[in-house]
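Working through the structure, step by step
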Amino acid sequence: MQTDLRGRDSIAPELEWTRDEIDTLLDVAWDLKRKRAVGEPHAYLRDKVLGLLFFFTSTRTRASFESGMAQLGGHAMFIDSETTQISHGDTAKEIGEIIGRYTDGIAIRQCDWNFGNQYIREVAAASRVPVLNMQCDIFHPFQILADMMTIQEKFGRDLRGKTINVSYAYASSYQKPLSVPQSLILLMTRYGMNVRLTHPPEFGLMPDIVEQARENARQSRGSFEVLHDFDEGFKGADIVYPKSWGCWMTTEDKDESSKLGKKYTDWITDSRRMALANPDAVYMHCLPADRNIEVTDEVIDGPQSIVYDEAENRLHVQKAAMALTMRS
Ligand code: CP
């Protein structure tokens, strides 16, 4: 157990924290989940303030950070980039310097391609308090930590030999970030799992992230493979995680990406596809999902779906991160 995380940023813990540090966070998350279940007070951050800076919409992330901070005895302050002077030129350095003097932590969602992660790191460099990444263009750490917690609840702490299929699925709504699949392949390969990344050729991830996942799998004695056949990805999998993402590595043009996506409208998770996976396989999705486009109602509302447990565990892993990094 690693107990000295006070003041640490969590911008990409799936890449930058040790396995020991991640396991500590998960241990604390389970303890906090138990405490909440039995009504045991756990106001570890009394009088502390977390700034929540959003450049992009959110349901789960905002609600779980605000609830979590209240349950820890502190306050979460919502800051909308559009309705503050950020929209008129406050810089990342100014935000880090100034908001860092008002608060005990700054959480940021900035998903703009080729910019979001850099922005969060610039705020962190200027801030005297820890910075938490609520999703950027490259990483979505708290989603994936919640996913790991959920997977371990279903399959046990030792995940060696379990197969997860991280797959592209078609969606019509918008060109989504690469952050969820990238953080997934980075973290799951550190736990000795057999990790499959399945996507059409135009929907690849960042090459250095894929290379790191391959290296993680080598070091953890798991495996990592890339497939381009949607059905093949489901075969024999224990965990299926098909979700949409944009073809950012091929084009940043909205119309072109929409045209490319339309080639793959049959990449929808339905009961026939689920039947290709292991009989006790679970269906995961970070949400929001494009219902009956990415996944049928029958699957997402069916017995194999664990999407609500995933969403709940956002609360517990984020409370753990806040308690560990923002304590006095
Ligand atoms: N999964 C997730 O991050 O949800 P929100 O976009 O609603 O925060």
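Being a predicted model, the structure only gives us computed values, none of them experimental.

Next up on the list: the site of the ligand. The local shell around the ligand consists of Ser-58, Thr-59, Arg-60, Thr-61, Arg-109, His-140, Gln-143, Cys-286, Leu-287 and Arg-314. Backbone polar atom of Thr-59 to an oxygen atom of the ligand: 2.7 Å apart, as the coordinates give it. In this structure, Arg-60 approaches the ligand through a side-chain N or O atom, which is 2.9 Å from an oxygen atom. Contact with the protein chains hides 93% of the accessible area of the ligand, taken as 260 Å² for the molecule alone. A class-by-class count of the residues in the shell around the ligand yields two nonpolar, five polar and three charged. Two domains share the shell around the ligand, each providing at least three of its residues, namely domain 1 (13–140 + 313–326) and domain 2 (143–310).

Now for the domain arrangement of the protein. Considered domain by domain, the protein is made up of domain 1 (13–140 + 313–326) and domain 2 (143–310). For domain 1 and domain 2, the distance between their C-alpha centres works out to 25 Å. At the junction of the two partners, domain 1 supplies 29 residues and domain 2 supplies 32 residues. With both chains or domains summed, domain 1 and domain 2 bury close to 2700 Å², and 60% of this area falls on carbon and sulfur atoms. Contact with domain 2 buries area across many residues of domain 1, yet Trp-30, Trp-113 and Asn-313 alone supply 26% of it, more than any other trio. Joining domain 1 to domain 2, the criterion identifies two salt bridges. Residue Glu-153 pairs with Lys-33 through a salt bridge whose shortest N-O separation is 2.9 Å. Where domain 1 meets domain 2, there are 22 residue pairs in polar contact (both at pLDDT 80 or more). Going through the elements one at a time, α1 (13–16), α2 (19–38), β4 (131–136) and α13 (307–326) are the ones with two or more residues in the side of domain 1 that touches domain 2. No other element matches α2, which puts nine residues into the side of domain 1 that touches domain 2. Looking at the side of domain 1 that touches domain 2, its residues break down into 15 nonpolar, six polar and eight charged.

Calculation criteria
- Residues numbered from 1 in each chain as written.
- Predicted model: local features only at pLDDT ≥ 70, side-chain atom pairs only at ≥ 80, totals over all residues.
- Heavy atoms only, no water.
- Near = heavy atom within 4 Å.
- Polar contact = N/O pair within 3.5 Å; in protein donor to acceptor, adjacent residues only side chain to side chain.
- Areas by Shrake-Rupley, 256 points an atom, 1.4 Å probe, with all protein chains shown as cover.
- Nonpolar A, V, L, I, M, F, W, Y, C, P; charged D, E, K, R; others polar.
- Domains from an automatic or database assignment.
- Contact = heavy atoms within 4.5 Å.
- Buried area = accessible area lost by both parts, 1.4 Å probe.
- Salt bridge = Lys/Arg side-chain N within 4 Å of Asp/Glu carboxyl O.
- Helix = DSSP H or I, 4+ residues; strand = E, 2+ residues; numbered from the N terminus.

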